[in-house]
Amino acid sequence: MSDLSAFPITARWPAQHPDRIQLYSLPTPNGVKASIMLEETGLPYEPHLIDIGANETWTPDYLSLNPNGKIPAIIDPDGPGGKPFGLFESGAILLYLADKTGTLIPSRPDRRYETIQWLFFQMAAIGPMFGQVGYFHKFAGKEIADKRPLDRYVQESKRLLGVLETRLDGRQWIMDDDYSIADIATLGWVRNIIGFYEARELVDYDRLVHVPAWLERGLARPAVQRGLAIPARP
């Protein structure tokens with residue numbers, strides 16, 4: 001049996017199955033990247049719900065694994081060299097699990113880096129911009145009288161959706177016929193901006209053709225459906 005006692009986070013969220021990957025997360029657009037990836041790959045894992053509303057990511061135990069205080073994070077009991085390995089940042093987790101299993105990322109170097117390019121596009125652009133739309137449209141930012149910040153993020157989000165729309169023209173997935181970590185990274189954010197953030201009309205989503213079809217294909221995948229609900233909320 002794997003010994004994870006070197007990770008202080010396991011004192012607060014004990015591992016019932018220490019031989020499995022430990023997932024610390026919440027079903028947010030970033031959190032579901034890890035759970036969907038784990039479901040797609042079939043790797044055994046144990047999910048732990050981290051309540052960001054109760055500031056659990058800012059506890060010393062959680063910060064010992066992710067000093068940035070965000071979800072998701074993982075501990076792999078069978079990491080590089082067979083030793084337990086902790087990792088945070090959703091994009092890094094996707095890459096790590098893809099390499100660990102040899103799936104959902106092309107092996108050919110040029111195709112691999114092209115996939116990573118689109119993963120970084122989500123991490124650097126889609127996630128931050130869509131998140132700002134959510135803040136200024138639905139959450140505390142909506143009380144700000146000056147609507148220029150909201151307009152700025154809405155316009156940028158529309159532009160980014162246009163980039164994705166162009167990319168998906170004539171393609172089933174971001175990497176042509178190959179479903180990959182680039183799709184996993186992006187699906188939850190597109191779903192969120194038109195759903196939870198209630199910004200469908202703001203970003204002119206219904207004027208798009210290829211993005212909605214791609215999102216529908218992604219959400220129809222059984223592993224995606226399962227991953228979107230993991231860890232289960234109380």
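Analysis parameters
Position labels on residues start from 1 in each chain and follow its written sequence. A pLDDT threshold of at least 70 governs which residues receive local features in this predicted model, and a stricter bar of 80 or more applies before side-chain atom pairs are shown or counted, although totals over entire chains, interfaces and linings include all residues. Excluding hydrogens and water, the side-chain values take into account all heavy atoms of the structure. Each residue is assigned to one of three classes by its accessible area relative to the maximum for its type, calculated with a 1.4 Å probe on protein chains only: buried under 20%, partly exposed between the two thresholds, exposed over 50%. Helical segments are the DSSP runs of H or I of at least four residues, strand segments are the runs of E of at least two, and each set is numbered from the N terminus. Each pair of strands is called paired provided DSSP finds at least two bridges between the two strands. If the strands point away from the viewer and the path from the first strand over the helix to the second runs clockwise, then the crossover is right-handed. Take the number of residues in a helix, subtract one, and multiply by 1.5 Å to get its expected span. The angle between axes fitted to the seven-residue stretch ending at a residue and the seven-residue stretch beginning at it gives the bend at that residue. Contacts are assigned to residue pairs with any non-hydrogen atoms lying within 4.5 Å of each other. The way it works is a 1 Å grid over only the protein atoms, where trapped points that fit a 1.4 Å probe form a cavity and open points with protein on both sides within 12 Å along at least five of seven lines form a pocket, and then any residue with an atom within 4 Å of a point lines it. Grid points are joined across faces, edges and corners, and a volume is the space filled by probe spheres set on the points. Residues are grouped as follows: nonpolar covers Ala, Val, Leu, Ile, Met, Phe, Trp, Tyr, Cys and Pro; charged covers Asp, Glu, Lys and Arg; every other residue, Gly included, is treated as polar. In this scheme Phe, Tyr and Trp rings, the latter by its six-membered ring, pair at centre separations within 6.5 Å, and the angle between planes marks the pair as stacked below 30 degrees, edge-to-face above 60, and tilted otherwise. In this scheme, Lys NZ or Arg CZ marks a charge over a ring once it lies within 6 Å of the ring centre and within 35 degrees of the ring normal.

Looking now at the pairing of strand E1 (residues 21-25). For E1, a buried count of 5 out of 5 residues is recorded, marking the element as mostly surrounded by other parts of the structure. The side-chain alternation of E1 yields two buried faces, one formed by Ile21, Leu23 and Ser25 and the other by Gln22 and Tyr24. Sheet topology places E1 next to strand E2 (residues 45-49); 5 bridges connect them, and they run parallel. Paired with isoleucine 21 across the bridge in E2 is tyrosine 45. In terms of handedness, the path from E1 via helix H2 (residues 31-41) over to E2 forms a crossover that is right-handed. With 3 bridges joining them, E1 and strand E3 (residues 73-76) adopt antiparallel strand pairing. Pairing of tyrosine 24 across the sheet is with alanine 73, part of E3.

Note that the residue after isoleucine 71, namely proline 72, is joined by a cis bond; omega there is 5°. Note that proline 72 resides in the loop between helix H3 (60-63) and E3. The omega torsion across isoleucine 230 and proline 231 is -5°, close enough to zero to call that bond cis. With respect to the helices and strands, the residue proline 231 is situated in the segment after helix H9 (222-227). The residue aspartate 176 is not glycine, and still its phi comes out positive at about 65°. Given a relative accessible area of 25%, aspartate 176 falls into the partly exposed group.

The next thing to look at is helix H5 (residues 109-137). Each full turn of the α-helix corresponds to 3.6 residues, which orients residues three or four apart in the same direction. For H5, which comprises 29 residues, the first-to-last C-alpha distance of 41 Å matches the rise-based estimate of 42 Å (1.5 Å per residue) to within 8%. Maximal helix bending in H5 amounts to about 35°, located at glutamine 122.

Summarising the element assignment, threonine 115 is placed in helix H5. Its relative accessible area of 0% is what places threonine 115 among the buried residues. For threonine 115, the residues in contact, after removing those within four places along its chain, are Ile105, Pro106, Met175, Ser180, Ile181 and Ala182.

Unoccupied space between atoms shows up once a probe the size of one water molecule is rolled over them. Of the pockets and cavities examined, the largest pocket occupies roughly 980 Å³. In terms of lining residues, the largest pocket is bounded by 34 residues, among which Thr28, Pro29, Asn30, Ile52 and Trp189 are the most central. Of all the elements in the fold, those that place two or more residues in the lining of the largest pocket are H2, H5 and helix H7 (181-194). The residue inventory of the lining of the largest pocket, partitioned by class, reads 15 nonpolar, 14 polar and 5 charged.

With that settled, consider the packing of aromatic side chains. Tallying each qualifying case throughout the model produces 9 aromatic pairs. Here the aromatic rings of phenylalanine 136 and tyrosine 153 are separated by 5.7 Å at their centres, their planes lie at 20°, and the arrangement is stacked. With phenylalanine 136 in helix H5 and tyrosine 153 in helix H6 (residues 148-168), this pair connects stretches of sequence that are 17 residues apart. The pair formed by phenylalanine 136 and tyrosine 153 is uniform in burial state, with each residue classed as buried. Joined through ring pairs, the aromatic side chains of Tyr135, Phe136 and Tyr153 make up one cluster. Positioned over the ring face of tryptophan 173 is arginine 217, at 5.8 Å from the centre of the ring. Stacked on the ring of tyrosine 179, the Lys or Arg arginine 221 has its end atom at 3.7 Å from the ring centre.

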